[in-house]
Amino acid sequence: MKGPAIFLAQFTGSEAPFNTLEGLCAWAKKLGYEGVQLPSFESSLIDLSVAAESQDYCDELKGRVASAGLQISELSTHLQGQLVAVHPAYDQLMDGFAPAELRGKPAARQAWAVNQLTLAAKASQRLGLSAHATFSGALLWHTFYPWPQRPAGLVEAGFAELGKRWRPILDAFDETGVDCCFEIHPGEDLHDGASFERFLEAVDHHPRANILYDPSHLLLQQMDYLAFIDLYHSRIKAFHVKDAEFRPNGRSGVYGGYDNWVDRPGRFRSPGDGQIDFKAIFSKFAQYGYDGWAVLEWECCLKHPEDGAREGAPFIRDHMIRLTDRAFDDFAGTGGDDAFNRQVLGLEPN
């Protein structure tokens, strides 16, 4: 495992050091981070179109990050990925993720989003990255609760269309040797293991269709986030370290009652302040040989973001496990060969 790294999306701003890539990198390094996950929708940090076409630009970008003693962990297209698949009910809300000239033009907006993902695949390759972070978008989310009753075949048709839209994008990632990692997240059609499996079926188990694991979104759905790793570890290629807590009450539960984040039973918290068992998560990743980055995605309804960032690097570092190169009981080993083993079993020599 590599890390700690930090996702910069929640920290960009108009004041120093948060208004330039150099400032953010110097700030992150001072806090103890080793990598940064770059939001490609922040033009002040990266020009995605240029990065997709120019190796010189990508080398210069890596150099700017390296001058602070950091690496780029992944690029992110969370906002653009959502626009690959948008149900008309969400058109106005999602328009804010697109360039102004594409707002009110769903077809043009979608075509732009697909191109953005294709550019991100090429840029990731030029930057020497192996994984990419994104969202799937959603055609079915408005039907996640089965009332009114869903008509027969609706879910199958929705995932068939989602797979059709993503298949050429996944092929583009395959051509560049980069894994496309979908953050499993409510509001997206890929929001749990069952929906991810439906998507895999729709894209013929494409090798580049992988997972960004964020346990906070699983806990808020009351899923077993450790068993999720057991089930899908071979597809987990990216990791957001984000905490959460769920404290249901007599007024509200998983659905949140339309309350603000601070008043909801399910809330995002800074790592260590919530209920997620990160020791067990990092142990699972060590068990299965996860070799990607551990990236802080800071979201908390209470704590100041700069405090969360300051606490995040040592939190991740303290949880990372250096794999052992020998068994703990090797000191008591008796050696052995085939003849000895047969003797122990009470068998005749070969």
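Attention here is on the structure that accompanies the text. (Residues numbered from 1 in each chain as written. Predicted model: local features only at pLDDT ≥ 70, side-chain atom pairs only at ≥ 80, totals over all residues. Heavy atoms only, no water.)

1. Re the layout of surface pockets
Of the voids in this model, the largest pocket is the one considered here, and its volume is about 1000 Å³. Contributing to the lining of the largest pocket are 38 residues, with Trp141, His185, Pro186, Gly187 and Trp261 lying nearest its centre. Elements represented by at least two residues in the lining of the largest pocket include exactly helix 4 (78-82), helix 5 (91-94) and strand 9 (266-269). Of the residues belonging to the lining of the largest pocket, the class tally is 19 nonpolar, 13 polar and six charged. Along its surface, the second largest pocket is lined by 22 residues, and Lys2, Ser130, Lys237, Asp291 and Gly292 are the ones closest to its centre. Of all elements in the fold, only strand 3 (71-77), strand 7 (236-241) and helix 11 (278-288) reach the threshold of two or more residues within the lining of the second largest pocket. Residues that form the lining of the second largest pocket fall into these classes: nine nonpolar, eight polar and five charged. (1 Å grid on protein atoms, 1.4 Å probe; cavity = no way out; pocket = protein on both sides within 12 Å on 5 of 7 lines; lining within 4 Å. Points joined across faces, edges and corners; volume = space filled by probe spheres on them. Helix = DSSP H or I, 4+ residues; strand = E, 2+ residues; numbered from the N terminus. Nonpolar A, V, L, I, M, F, W, Y, C, P; charged D, E, K, R; others polar.)

2. Considerations on the nonpolar core
Counting 88 residues, the largest nonpolar core has Ile6, Phe199 and Tyr213 as its most contacted members. Per-element tally for this core: the top contributor is helix 7 (residues 154-176), with seven residues. In this structure Phe199 touches Phe159, Leu162, Gly163, Trp166, Leu170, Phe182, Leu190 and Ala209, once residues within four positions along its chain are discounted. Grouped together as the second largest cluster of nonpolar side chains are five residues, Ala133, Cys181, Leu212 and Ala238 included. (Core = buried A, V, L, I, M, F, W, Y, C linked by side-chain atoms within 4.5 Å. Buried < 20%, exposed > 50% of the residue type's maximum accessible area, 1.4 Å probe, protein only. Contact = heavy atoms within 4.5 Å.)

3. Side note on the pairing of strand 10 (residues 293-296)
Walk down a regular strand and you will see the side chains alternate between the two sheet faces. Burial along strand 10 is two-sided: Trp293 and Val295 facing one way and Ala294 and Leu296 facing the other are all buried. Summarising the sheet, strand 1 (residues 2-7) and strand 10 pair through three bridges and their orientation is parallel. Each bridged residue has a counterpart across the sheet, and for Ala5 the counterpart in strand 10 is Val295. As paired strands, strand 7 and strand 10 are joined by three bridges and run parallel to one another. Among the inter-strand pairings, His240 is bridged to a residue of strand 10, identified as Val295. (Pairing = 2+ DSSP bridges.)

4. Looking at the packing of helix 1 (residues 21-31) against helix 3 (residues 55-66)
Two elements in contact, helix 1 and helix 3, have axes whose closest approach is 9 Å; the angle formed by their N-to-C orientations is 40°. It follows that helix 1 is oblique to helix 3 by the angle criterion. Here Leu21, Glu22 and Cys25 of helix 1 lie close against helix 3, whose contacting residues are Leu61, Arg64 and Val65. Among the residues forming the contact of helix 1 with helix 3, the class breakdown is four nonpolar, no polar and two charged. (Axes fitted to C-alpha atoms, helices over the stretch in contact; angles between N-to-C directions. Parallel < 35°, antiparallel > 145°, perpendicular 65-115°, else oblique.)

5. Remarks on the state of the cysteines
All chains considered together, the criterion is met by zero disulfides. With no disulfide of its own, Cys180 lies closest to Cys181 among cysteine sulfurs, the gap being 6.9 Å. (Disulfide = S-S within 2.5 Å.)

6. Notes on the pattern of salt bridges
Applying the stated rule across the entire model yields 23 salt bridges. Here Arg109 ties to Asp91 by a salt bridge, and the two come within 2.5 Å at their closest N and O atoms. In this pair, Arg109 sits in helix 6 (residues 106-126) while Asp91 sits in helix 5, placing the two residues 18 residues apart along the sequence. Using a relative accessible area of 2% as the deciding quantity, one classes Arg109 as buried. Close ionic contact of Asp273 with Lys303 constitutes a salt bridge, the shortest N to O distance being 2.7 Å. Note that Asp273 is positioned in the loop between strand 9 and helix 11 and Lys303 in the loop between strand 10 and helix 12 (305-319), a separation of 30 residues in sequence. Connected through shared salt-bridge partners, Asp214, Lys242, Glu297 and Glu299 make up one network. (Salt bridge = Lys/Arg side-chain N within 4 Å of Asp/Glu carboxyl O.)

7. Describing helix 11
Looking at helix 11, one finds that the buried residues are Phe278, Ala280, Ile281, Phe282, Lys284, Phe285 and Ala286. Of the residues flanking the start of helix 11, the one acting as N-cap is Asp277, its side-chain oxygen 3.3 Å from the backbone nitrogen of Lys279. Of the residues trailing helix 11, Gly289 is marked for its positive phi of about 75°. (Polar contact = N/O pair within 3.5 Å; in protein donor to acceptor, adjacent residues only side chain to side chain.)

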